[in-house]
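# Descriptive analysis of the structure
One letter stands for each residue in the lines below.
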Amino acid sequence: MTTAQTPELDVQPTPLALLLLGREADPRSERGVDCPGDLPSPSDPDLVERARAAKAKLGDKVFVLGHHYQRDEVIQFADVTGDSFKLARDAAARPEAEYIVFCGVHFMAESADILTSDAQKVVLPDLAAGCSMADMATAEQVAECWDVLTEAGVAEQVVPVSYMNSSADIKAFTGKHGGLICTSSNAKRALDWAFEQGEKVLFLPDQHLGRNTAVRDMGMSLEDCVVYNPHKPGGGVTVEQLRAAKMILWRGHCSVHGRFSLDSVNDVRARIPGVNVLVHPECKHEVVAAADHVGSTEYIIKTLEAAPAGSKWAIGTELNLVRRLANRFASEDKEIVFLDKTVCFCSTMNRIDLPHLVWTLESLAEGTLVNRIEVDKETEAFAKLALERMLALP
């Protein structure tokens, strides 16, 4: 028996692979790897008291923001909770706070930095808390897409609309090209505005929110939508498809909301008779079409607040929030379950844990600024322009 000799391959790791391995860094990426200093041990029984002491020492100098998808151990120290845009606006409304500690992910901290004053410093407890959706659209890829649209002769008809869940670079591109930002709550209003400005929309970076808003809320057909794939030559679409489409959807998605399926909906209806299915619009179109209620994180919370006692709900959104809501409304006999049988947290949101928060607060209390998120002035100016167009919506 002989063994064939395999020549040694000279394979060089890509920049993305190095980031995922925890080596090197890219300041323009949603992924970071550096965390200077030693973190407290997760098993330290004094973590809660240490966080309280550091926060008390900082007093009004610090303002802690907690996104709805954060762990309970972190949320307990938040001065306010909410979705990403609400939190960024809350930070801007507290100019006396020198430090804004954002317990969320990278693009959220960027938005807070854009909306707050130069005197305020936005801090992200763990730089590796990125967003897989935001990572799916880079500035270089979007610039290449615009070149494709230009060559197809449609760029002048296209208005970019970018979801809040995007990097500062993408927000800046949007502002520079006459577009605006949207949230899951005002996506229809944003698209109405965009179609008053042009004939087509380039929707970044979540294809599902764009498709669901266009088809479910605005009466378009699935045929009006085409998906641009940045990993294929020319986006994987023809010139004819681009010219015929009203909605050019970027091939991006949320790793949590994208996992829910029509089978999930059918299964929960079979298991829990009379259940109400309530999902986020980042879910796939077939899931949204089969649900009873669809809306943003804030909509989900308000719907459950108004629900009658004894009602049953299956929720298609991040598990930390679903568990928190189930516990909150248990006393009202509201049955609240996760839509999918498989447990799925947002892995990057969960990177913000109590040790990282303690390390951040104690560092700030000692006068050491750590993990500052700072958007450069040119990017900030164009990103703010896109945000201001959204804020001006009726």
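Note that this is a predicted model, so its numbers are computed, not measured. (Residues numbered from 1 in each chain as written. Predicted model: local features only at pLDDT ≥ 70, side-chain atom pairs only at ≥ 80, totals over all residues. Heavy atoms only, no water.)

What follows is about helix α17 (residues 377–391). The end-to-end C-alpha distance of α17, which contains 15 residues, comes to 20 Å, matching closely the 21 Å that a straight helix rising 1.5 Å per residue would cover. Buried within α17 are the following residues: T379, E380, A383, A386, L387 and M390. Taken end-on, α17 shows its buried residues confined to a sector of 130°, consistent with a single buried face. Residues of α17 that are exposed and point over 90 degrees away from its buried face: K377 and E378. Buried-residue contacts for α17 involve α4 (84–92), α5 (106–115), α8 (168–176) and β6 (180–182). Measuring from the backbone nitrogen of E378 back to the side-chain oxygen at the start of α17 gives 3.3 Å, which picks out D376 as the cap. (Helix = DSSP H or I, 4+ residues; strand = E, 2+ residues; numbered from the N terminus. Expected span 1.5 Å × (residues − 1). Buried < 20%, exposed > 50% of the residue type's maximum accessible area, 1.4 Å probe, protein only. Arc of directions from axis to C-beta. Contact = heavy atoms within 4.5 Å. Polar contact = N/O pair within 3.5 Å; in protein donor to acceptor, adjacent residues only side chain to side chain.)

On to the sheet that holds strand β10 (residues 276–279), then. The strand order across the open sheet formed by four strands is β11-β10-β12-β13, and the pairing between neighbours is parallel. For this open sheet the edge positions go to β11 (293–294) and β13 (335–338), each flanked by a neighbour on one side alone. Bridge count for strand β12 (residues 312–316) against β13 is four bridges, and the pairing is parallel. What sits directly across from I315, in β13, is F338. (Pairing = 2+ DSSP bridges.)

On to the pairing of β10, then. With four bridges joining them, β10 and β12 adopt parallel strand pairing. Counted as the bridge partner of L278 is I315 from β12. One ladder, built from two bridges, connects β10 with β11; its direction is parallel. Its bridge partner lying in β11, V279 is registered against V294. Following the chain from β10 across helix α13 (residues 285–290) to the adjacent parallel β11, one finds a crossover that is right-handed. (Right-handed = clockwise from strand over helix to strand, strands pointing away.)

This part is about the pairing of β13. On β13, burial follows the alternation: I336 and F338 on one face are buried, whereas E335 and V337 on the facing-out side are not. In the classification by handedness, the crossover that spans β12, the intervening helix α15 (residues 319–328) and the parallel β13 is right-handed.

Moving on, we come to the environment of F85. Mapped onto the elements of the fold, F85 is located in helix α4. With 94 residues separating them along the chain, F85 and G179 place their C-alpha atoms 17 Å apart. The contact partners of F85, leaving out residues within four places of it in the chain, are L115, M164, T183, L387, M390 and L391.

Ordered by their spatial adjacency, five strands build an open sheet running β6-β5-β7-β9-β8, and the pairing between neighbours is parallel. Looking at the sheet topology across the chains shown, the edges are occupied by β6 and β8 (225–228). The average undirected angle you get between the axes of adjacent strands in this sheet is 30°. As defined by bridge partners, strand β5 (residues 158–163) adjoins β6 across three bridges and the pair is classed as parallel. Bridged to Y163 within β6 is C182. (Axes fitted to C-alpha atoms, helices over the stretch in contact; angles between N-to-C directions.)

On to helix α2 (residues 47–58). Between its terminal C-alpha atoms α2 stretches 17 Å, which fits the 16 Å expected from twelve residues at 1.5 Å a residue. Buried residues of α2: L47, A51, A54, K55 and L58, and no others. The buried side chains of α2 occupy one side of the element, clustering within an arc of 100° when seen end-on. Turned more than 90 degrees away from the buried face of α2, the exposed residues are A56 and K57. Those residues of α2 that are buried are in contact with β1 (62–67), β3 (99–103) and α16 (354–365). Backbone geometry just after α2 places G59 at a positive phi near 60°.

Moving on: the packing of helix α14 (residues 297–306) against α15. Where α14 meets α15, the closest approach of the two axes is 11 Å, and the angle between their N-to-C directions is 15°. Looking at the two axes, α14 sits roughly parallel to α15. As α14 packs across α15, the resulting crossing turns out to be right-handed. Each of T297, I300, I301, L304 and E305 in α14 lies in contact with α15, whose residues at this interface are L321, L325 and R328. Here the contact of α14 with α15 is built from residues that sort into five nonpolar, one polar and two charged. (Parallel < 35°, antiparallel > 145°, perpendicular 65-115°, else oblique. Left-handed = near helix turned anticlockwise from the far one by under 90°. Nonpolar A, V, L, I, M, F, W, Y, C, P; charged D, E, K, R; others polar.)

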